[in-house]
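Structural characterization, general
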Amino acid sequence: MDVASGQVTCIVFKADIILWDFPKQELLARLSLHEGKVEGLSFSPRGIYLVSLGGQDDGRVMVWDVSKREAVCGSPASPRSAGNANVVMCSSCRDEMFVTAGNFTIRVWELDTATKKIHPSECYAGQLRRITVCVQMTDDDDDFYLGTTSGDVLKVNTSSKVVTACGPQKKKFSMVSSSSLFGETAKVKFSRSWKMKVPRGQCMAKPLLSLHRRMRVEGAVTSLTCRGRDDQFFIGTKKGQMYRSAYATFKEELVAVCHTEAVNDIVFPEGHSDLFVTCSTNDIRVWYTLERLEWLRITVLNVTCHAVEVTRDGMVIVSAWNDGKIRAFVPATGEPRYEINNAHNLGVTAIAATSDCKQIISGGGDGQVRIWNIGEKTQKLREVLKEHRGAVSCIKINKNDKEGVTASLDGTCVIWDLVRYVRKQMILDNTLFKCVCYHPGEYQIITSGTDRKIVYWEVLNGSAIREVQGSLSSSINGMDITSDGASFVTGGDDHLVKLWDYKEGTVTHVGVGHSGNITRLKICPANKYIVSVSADGAVLIWK
């Protein structure tokens, strides 16, 4: 089984189409003719041809011979009097027919294999002016359906090339976002992006689509797909939710959930490997490790959480936000515990809590490190430490709470005396420090950043002990060490999770799975799992 993927790049570069052997996960061919962007791809029924649609700057539709890995022919996708074509769909029965649609354009194409040319036929829509976002063919190719941004569904006859009906009646601000056909009866299921309801049926000439069943899901629907013999279908939404539903019952079942924005931090509660906490834009989430299910979501709208920490007693989740506030929540219910306003002028970028749960150390975009005394009903600023000139990226505290280390994007790491609140050592390097970790023995620290190097430092005098190459191509953003100090793990912009032997300074295992830049990772307290998070919203659990 072949799979095709299209590229998005700059207008000055070619946008490649890659053919993959899906079972073997191997690249078969790279097809390059489109410029800037590949808008859509569709295989013919028997897989003989692949039809590709270029983006706005390209504006061409191409037909490719899959077996020969070469272009058969091409043509402008839409007439000059119309807008851009947005979608392409091949016929369900014939390899030589496909449909394109977009901004005020609907075309049925025929491939002439003898002359190697494609001939378009414009579809007549009368006074209807619609922007198409999805298209679906019926199994017998007699008709095809178009979903539009105005919420209308258009039914077009393939033979006559005429819009035969339009509907259903819709409410304001509704939009059809995805479509799918079920079974031989060719019932059409459309979703509405605003209210998330299947709309009521009313057409120009006669009833076309009537309300059959309805379900509610969280977020605008972005995709619908059938499974097996059309007895089930899956629903994907903009909120990162995936639902499963049986067509007979038409009741949603939540299958998977994920973040919709970059995940900035991850932390395990002290001594607990079955739960972990992640933070992102607008929310903090608590997850079950083994079941891989979301247990709790704490939502704070229109702000981004940069860092999160769970106090050692497990009673409070402390978080750092870009609006300059430190927010604390109850882990069991997600209710607010307390809030520190104006903690830092340029947002709070890093946070840590002492083992006695009586102090919080925060770092900000202004480079300041602030220590807060936390009481039952009061939160007071205890000390302000000013050594960094750039944003603080990471904070670690040793076991007895008498010493801590902060890493900054100004190229410095500072080891602090947390009893006298003075600097003990300053580490300087030609890099932007992204992460720092104490060895469990607390006589060494390891750091990494944009210079792609992992450096071992002596805590006593701040001298460098060892330097190893952590990555060949990009920066390292996250790091964590096992409780016994035998191994540590790193991840960064190369999308790789690497497990290292601490004494040897060599890579023992490499994990490949992320498609975005890894932002943070943690080893569970039992040393059984590694959880890594990335800028594309993914949360991966490694054994």
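Cut-offs and rules
Residues numbered from 1 in each chain as written. Predicted model: local features only at pLDDT ≥ 70, side-chain atom pairs only at ≥ 80, totals over all residues. Heavy atoms only, no water. Helix = DSSP H or I, 4+ residues; strand = E, 2+ residues; numbered from the N terminus. Buried < 20%, exposed > 50% of the residue type's maximum accessible area, 1.4 Å probe, protein only. Contact = heavy atoms within 4.5 Å. Areas by Shrake-Rupley, 256 points an atom, 1.4 Å probe, with all protein chains shown as cover. Lys, Arg positive; Asp, Glu negative; His and termini not counted. Charge placed at Lys NZ, Arg CZ, Asp CG, Glu CD. Polar contact = N/O pair within 3.5 Å; in protein donor to acceptor, adjacent residues only side chain to side chain. Salt bridge = Lys/Arg side-chain N within 4 Å of Asp/Glu carboxyl O. Phe/Tyr/Trp six-rings, centres within 6.5 Å; stacked < 30°, edge-to-face > 60°. Pairing = 2+ DSSP bridges. Axes fitted to C-alpha atoms, helices over the stretch in contact; angles between N-to-C directions.

**Quick notes on the overall build of the protein**
Assigned secondary structure in the protein consists of zero helices and 47 strands. Counting only C-alpha atoms and orienting by the principal axes, one finds that the protein spans roughly 85 × 50 × 40 Å. When the 543 residues of the protein are sorted by exposure, 51% land in the buried category. Relative to all contacts within the protein whose residues are 6 or more apart in sequence, the contacts with residues 24 or more apart total 39%. For the protein, the computed accessible surface area is about 25,800 Å², with 48% contributed by carbon and sulfur atoms. Here the protein contributes 66 positive and 60 negative side-chain charges, whose respective centroids are spaced 6 Å apart.

**With respect to the environment of Gln359**
The residue Gln359 is located in strand S30 (residues 359-364) in this model. Given a relative accessible area of 18%, Gln359 falls into the buried group. For the pair Gln359 and Ile371, spaced twelve residues apart in sequence, the C-alpha to C-alpha distance is 6.8 Å. Setting aside anything within four residues of it in sequence, one finds Gln359 in contact with Ala352, Ala353, Thr354, Ile371, Trp372, Asn373, Ile374, Arg382 and Tyr421. Among the polar contacts listed, one links the side chain of Gln359 to the side chain of Asn373, at a separation of 3.0 Å.

**Things to note about the environment of Leu33**
With respect to the helices and strands, the residue Leu33 is situated in strand S3 (residues 26-35). Residues Leu33 and Asp2 lie 31 residues apart in sequence; the distance between their C-alpha atoms is 20 Å.

**Quick look at the pattern of salt bridges**
Side-chain pairing between opposite charges can occur once the charged atoms of the two side chains come close. For the structure shown, the criterion picks out 22 salt bridges. Notably, a salt bridge pairs Glu110 with Arg94, separated by 2.6 Å at the nearest N-O pair. Highlighted residues: Glu110 in strand S10 (residues 106-112) and Arg94 in the loop between strand S8 (85-90) and strand S9 (97-102), separated in sequence by 16 residues. A residue is classified by how much of its surface remains accessible, and Glu110, at 24% relative accessible area, is partly exposed. Here Arg94 falls in the partly exposed class, since its relative accessible area comes to 36%. Between Glu383 and Arg382 there is a salt bridge, with its nearest N and O atoms 3.4 Å apart. The class of Glu383 is partly exposed, set by a relative accessible area of 27%. For Arg382, a relative accessible area of 39% corresponds to the partly exposed category. Put simply, Glu218, Asp283, Arg285, Glu294 and Arg297 are held in one network by salt bridges that share partners.

**Remarks on the packing of aromatic side chains**
Counted according to the given criterion, the structure contains nine aromatic pairs. Where Tyr456 meets Phe488, the ring centres are 6.4 Å apart and the plane angle is 80 degrees; that geometry is what we call edge-to-face. Note that Tyr456 is positioned in strand S39 (residues 453-458) and Phe488 in strand S42 (residues 487-492), a separation of 32 residues in sequence. One exposure class covers both Tyr456 and Phe488, and it is buried. Ring centres of Phe488 and Tyr502 lie 6.0 Å apart, and the angle between their planes is 80 degrees; this geometry places the pair in the edge-to-face category. Taken together, the residues Phe488 in strand S42 and Tyr502 in the loop between strand S43 (496-501) and strand S44 (506-512) connect sequence positions 14 residues apart. The pair Phe488 / Tyr502 is uniform in exposure class, with both members buried. An aromatic cluster is built from Tyr456, Phe488, Trp500 and Tyr502, whose rings are joined through pairwise contacts.

**Thoughts on the sheet that holds S8**
If you trace the four strands from one edge of the open sheet to the other, you get S8-S9-S10-S11, paired in antiparallel fashion. Of all strands in the sheet, those bounded by a partner on one side alone are S8 and strand S11 (117-122). Taking the axes of each pair of neighbouring strands and ignoring which way they run, one obtains an average angle of 25 degrees across the sheet. Where S8 and S9 come together, five bridges link them in antiparallel fashion.

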